[in-house]
Amino acid sequence: MSSLHEKDHRYILHPFSPYRHDKHNIALTGGKGTQLYDDQGKSYIDAIGSWWVNLHGHSNPYINKRIAQQMEELEHVIFAGFTHAPAVNLAEKLIEHLGKPYSQIFFSDNGSTAIEVALKMSIQYWSNLGERRTKILAFKNGYHGDTFGAMSVSERDVFTQAFNEHLFYVEYIDLPPETDFYQLRNILESQTVAAFIFEPLVQGAGGMRMYDAAQLDHILSLCQSHGVLTIADEVMTGFYRTGTLFAVHQLIHNPDFIVLSKGLTGGYFPLGVTSYTEKIAAVFRSTLPSHTFYHGHSFTANPLSCTAALASLDLLLMPETKEKIRHIEARHQMFLPRISKHRNVKDARQKGVILAFDVSTPHDGYFYTHPIKDLLYDKMMNQGVLMRPLGNVLYILPPYCITDDELDQVYDAIIHTLDSI
Ligand SMILES: Cc1ncc(COP(=O)(O)O)c(C=O)c1O
């Protein structure tokens, strides 16, 4: 074991990982494009965009240059009482591309904090109006982050088990097509629901569960007709993951809030955004101190993060990138029939650049901690492909710079893995 591994074991607990001494974390020395390089001379294709954050590959020259320039000008400043061009330009650009009716941006640090902001604003919206609406409605199997509010509205499972008695009450409904509309109407008619939160079109960490835009629209229309605010968690689905720039662009009904993070900075820095409409803003435009939104983080609207986001958007909106995205979607579509036929595959599915399937296995196990998870991970890594299965669900969500050869390598490694179990 190298001294790096030894010290890593001694000092660091990694995310979503138990303490383990039989296995060490791979030490990386660099990354370029979709490739990650380790200290043993091995390389890996990052087929999941490093937890869905990376859009344009690692160490992208254009984003690097923009950040280096910004670093010479202003690295960070308190965002209360001050503003700066990277934040204002990013807000303007996001609002332009989110489209009407979004007109407002609140910056935070990551997906979880941006979700907290949306939840807190929804609850305070009703409080500022003097109405007692405090309940949140959410889909079963959702994942919205690891802070207490975000955990509360997520699926109650092994992630939240130790904290359940500290989490606030949430009404849950099934994802379409299983949604029980009779139950939903009853919940909505209670007039106590402040907001409905959902991952549009694809539930990510809950197992890449894909569902129909029309059915989500029906739920949104019911919520909106009962005055319930709606929060689209686009932390995973944003930035062309599902076929459109934002998944909500496939809907007829506009949610009141859109939450962004992950791909926002192209995978460079943590940054969260909660965007909302004038209807929400109007309720906070008040001189009463109790109507102020008392929320903020030390690194709110960090200029380097905002610059990375602006640079990432420049790249994302280039016609060549869109072509690349369409090409990945088409390649996935061609791979889908091949993988669907495999004896060890159930429910192969695709939305945009996300291709996912369940690995059928004789073992039973709770979904996320399914015993096959580590085996699949190791088999893919041994073939030089980073995929991090969600239990028995394998999925590809690559950076958009992935080449045809690299995609072939990923597909072949998947088939080889499935053949060998
Ligand atoms: C849909 C969704 N919302 C929120 C989050 C939380 O984001 P973060 O990990 O940046 O706190 C995640 C993270 O995976 C996510 O997938």
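The sections below set out a description of the structure shown in this document.

Analysis parameters
Residues numbered from 1 in each chain as written. Predicted model: local features only at pLDDT ≥ 70, side-chain atom pairs only at ≥ 80, totals over all residues. Pairing = 2+ DSSP bridges. Helix = DSSP H or I, 4+ residues; strand = E, 2+ residues; numbered from the N terminus. Axes fitted to C-alpha atoms, helices over the stretch in contact; angles between N-to-C directions. Near = placed C-beta within 6 Å. Nonpolar A, V, L, I, M, F, W, Y, C, P; charged D, E, K, R; others polar.

**Some remarks on the sheet that holds strand β12 (residues 272-277)**
Phase 1 of the analysis: Sheet architecture is open: seven strands sit in the order β4-β12-β11-β10-β7-β5-β6, paired in mixed fashion. Unpaired on one side and paired on the other, β4 (102-108) and β6 (170-173) mark the two borders of the sheet. Strand after strand, the sheet turns through a mean of 20 degrees between neighbouring axes, direction not considered.
Phase 2 of the analysis: Of the strand pairs in this sheet, strand β10 (residues 229-233) and strand β11 (residues 257-260) are connected by three bridges, and their pairing is parallel. Counted as the bridge partner of Asp 233 is Val 259 from β11.

**Brief notes about the site of the ligand**
Phase 1 of the analysis: Around the ligand lies a shell of 14 residues, among which Asn 110, Gly 111, Ser 112, Gly 145 and Val 235 are the nearest.
Phase 2 of the analysis: Considering every element that reaches the shell around the ligand, the biggest residue donor is helix α5 (residues 111-128), with three residues.
Phase 3 of the analysis: Along the lines of polarity and charge, the residues of the shell around the ligand split into five nonpolar, seven polar and two charged.

**Describing the sheet that holds strand β15 (residues 385-386)**
Phase 1 of the analysis: Overall, mixed pairing links the four strands, which are arranged β1-β2-β3-β15 in an open sheet. The open sheet has two free edges, formed respectively by β1 (28-32) and β15, since each of these has just one partner strand.
Phase 2 of the analysis: Judged from the two bridges that link them, strand β3 (residues 43-46) and β15 form a sheet pairing that is parallel. Paired with Asp 46 across the two strands is Leu 386, which belongs to β15.

Bear in mind that shape data such as this cannot, by itself, settle questions of function.
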